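These are the residues of each chain, in order.
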Protein chains: 2
Amino acid sequence: MTKSFDELIEKVNNCSMKTVAVAVAQDAAVLEAVAVAKERGIANAILVGDEPKIKEVAASINMDLSDYKIIHEEDTMTAALKAVELVHNQKADMYMKGLIDTKSFLKSVLDKEVGLRTGKPLSHVCVFDVEGVDKLLFLTDVAFIPYPTLEDKVNIIANTVEICEACGITNPKVAPLAAVEVVNPKMPATVDAAELTKMCEEGKITGCIVDGPLSFDLAICPEAAKHKGAEGRKIVGDADILLFPDIHAGNLVYKAMVHTAKLKNGNIITGTKAPVILTSRSDECEVKVNSIALASVVAQAMSEK
Amino acid sequence: MTKSFDELIEKVNNCSMKTVAVAVAQDAAVLEAVAVAKERGIANAILVGDEPKIKEVAASINMDLSDYKIIHEEDTMTAALKAVELVHNQKADMYMKGLIDTKSFLKSVLDKEVGLRTGKPLSHVCVFDVEGVDKLLFLTDVAFIPYPTLEDKVNIIANTVEICEACGITNPKVAPLAAVEVVNPKMPATVDAAELTKMCEEGKITGCIVDGPLSFDLAICPEAAKHKGAEGRKIVGDADILLFPDIHAGNLVYKAMVHTAKLKNGNIITGTKAPVILTSRSDECEVKVNSIALASVVAQAMSEK
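Keep in mind it's a predicted model, so treat the numbers as computed, not measured.

## Let's talk about the pattern of salt bridges
Residue and element names in this part refer to chain A.
Then, number 1: Taken as a whole and judged by the stated rule, the model has 24 salt bridges over all chains.
Then, number 2: We note a salt bridge from Glu51 to Lys55, for which the minimum N-O separation is 3.2 Å. Of the two residues, Glu51 and Lys55 both sit in helix H3 (residues 51–60), 4 residues apart, roughly one turn of that helix.
Then, number 3: The salt bridge partner of Arg233 is Asp211, with a shortest N-O separation of 2.9 Å. Taken together, the residues span a long stretch of sequence, with Arg233 in the loop between helix H9 (222–228) and strand S9 (241–243) and Asp211 in the loop between strand S8 (209–210) and helix H8 (216–220) at a distance of 22 residues.

## Observations concerning the interface of chain B and chain A
Then, number 1: Contacts between the two partners involve 37 residues from chain B and, on the opposite side, 37 residues from chain A.
Then, number 2: Together chain B and chain A conceal approximately 3100 Å² of surface at their shared face, both sides included; 71% is due to carbon and sulfur atoms.
Then, number 3: Counting the surface chain B buries against chain A, the share from its top three residues, B:His248, B:Leu252 and B:Thr260, is 21%.
Then, number 4: Here chain B is connected to chain A by 2 salt bridges.
Then, number 5: The interface formed by chain B and chain A contains 3 residue pairs in polar contact (both at pLDDT 80 or more).
Then, number 6: Elements supplying a minimum of two residues to the side of chain B that touches chain A: helix H7 (188–201), helix H8 (216–220), helix H9 (222–228) and helix H10 (247–260) of chain B.

## Quick notes on the confidence of the model for chain A
Then, number 1: When pLDDT is averaged along chain A, the result is 95; 100% of the residues meet or exceed 70.
Then, number 2: The ipTM value of the predicted complex is 0.94, and its pTM value is 0.95.

## A closer look at the environment of B:Ala37
Then, number 1: Locating B:Ala37 in the fold gives a position in helix H2 (residues 28–39).
Then, number 2: Here the alpha-carbon distance between B:Ala37 and B:Asn290, two residues 253 residues apart in the chain, equals 8.5 Å.

## A word on the packing of aromatic side chains
Residue and element names in this part refer to chain A.
Then, number 1: Under the defined criterion, the tally for this structure stands at 4 aromatic pairs over all chains.
Then, number 2: Arranged with centres 4.7 Å apart and planes meeting at 20°, the rings of Tyr95 and Phe105 form a pair that is stacked. Placement of Tyr95 in strand S4 (residues 94–97) and of Phe105 in helix H5 (residues 102–109) is noted, with a sequence separation of 10 residues between them. With respect to burial, Tyr95 and Phe105 carry one shared label: buried.

Quick notes on the rules
- Residues numbered from 1 in each chain as written.
- Chains lettered and ligands numbered in written order.
- Predicted model: local features only at pLDDT ≥ 70, side-chain atom pairs only at ≥ 80, totals over all residues.
- Heavy atoms only, no water.
- Salt bridge = Lys/Arg side-chain N within 4 Å of Asp/Glu carboxyl O.
- Helix = DSSP H or I, 4+ residues; strand = E, 2+ residues; numbered from the N terminus.
- Contact = heavy atoms within 4.5 Å.
- Buried area = accessible area lost by both parts, 1.4 Å probe.
- Polar contact = N/O pair within 3.5 Å; in protein donor to acceptor, adjacent residues only side chain to side chain.
- pLDDT = per-residue confidence, 0-100.
- Phe/Tyr/Trp six-rings, centres within 6.5 Å; stacked < 30°, edge-to-face > 60°.
- Buried < 20%, exposed > 50% of the residue type's maximum accessible area, 1.4 Å probe, protein only.

Below, the structure is given as structure tokens:
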């Protein structure tokens, strides 16, 4: 069971080194993360994009390209399709966004010929290493699905449980979050949370323990959970997966944790044949490197199936 | 302009000492906070409730009651009404919840005869002192209004601007938050945010600068704001008031900031004739003391009007 990003990176170092295919690689921040990931033994990379530009950007950050395979392709969309095809054909283990807009990048992910579709809906998971919490926290969905329906939430849980399992966390505890910990018919988030809990009890959701609605403190803080009464609850401040009611709640919490608590985190897209790394322009280098590490662990688990 | 809780408490120490009327005071956590507030010169208290029980609880936490006025009243609702009447009649400056459920406490706040109604809707504000951010952040509404309408949001802004002004922050910057910083007709929170911005430009919302929708990082982090493009924006990582789209987003962010970033905070109810302190059972003593300090500053500002 991986409890921190340090342990996650240790886990990566114990596997065969994975390779990330970068779509439109002429991006300084992405190349920097790729270089750090290689240096730390986390992953190799194949750079697909405009070769002269890749060389120019690499030079500007003093990055030595001699150890990298570069595939020259000037056109953005074609470069993305060539990069994703490498993963599709198992020439690379995971797929990463470079200097390409998110919409076009996702189009390449979902391409019917060379993409990474599984038929399952995609979702996003952000993994946090919180000081004082003795486990990794998996926040979902903070970036992808605006207003998940009950069915979407079932899919998000399934996608995220797979990622937990890849990190060695079996039967993770899933907390559907809300402002309150009791069902209120006037608050749809609490009704969905209770429904998900029931579905899990009835065996319609498997591989995890669902207990909601839960407030944030009852989900992650054992003292708060005990203080407010933990009787009959399956989660007592020990949740692994934090399921958000909608993208506003998820994204605002995610960014609050990044910008006020300054916590280590990494994130990937799930529901694909291979892990997909879609970090934001404003993410720091370490977040990108952590995301590559997380993707490597997931790629390893997928290769063992 | 008050930039931290330390400065806020300094401000309190420079005013005449205020008095808090406590409703149903036989609560160990509340009495402890009252004692600390008195010790630090923040506020005096009048304790309304079951006198033998108050004495018993005080003894259990080694609290000396000799300096406190106690008004004996066994019945919970009657005790609350007697306590709020003290504030109504200006025998005390602010009103605090003790061992009484929130619903009954609010009933006393809104009592037509002896309560603190102004005719304005009530809202809640939580004030945070964030490391690395050179100002206090006013989060609203994280506890009170489940799904604020546009009209509710206008009222929440007005209530919160008053609290900022009491803290010496004139013309505060209000960021209506969302997962994204562009208007998306499919995301009502972004549409409301744009509408509030327009209403402020047209002079329908005054005493502040509104600019939204904004993501959390663009609202509080100048580097992120500059990185993503700050052109034409009135808020560039320097928001004072963070306005949440709904209670789930607000409450989850609030608790994430408390439980992962461990930040100093305090909170009060606004829209009343005098400040009302309604902290949660699970709040630490320091949060209750900070809330009393915040209420004192607001009471001082109200007395100067």
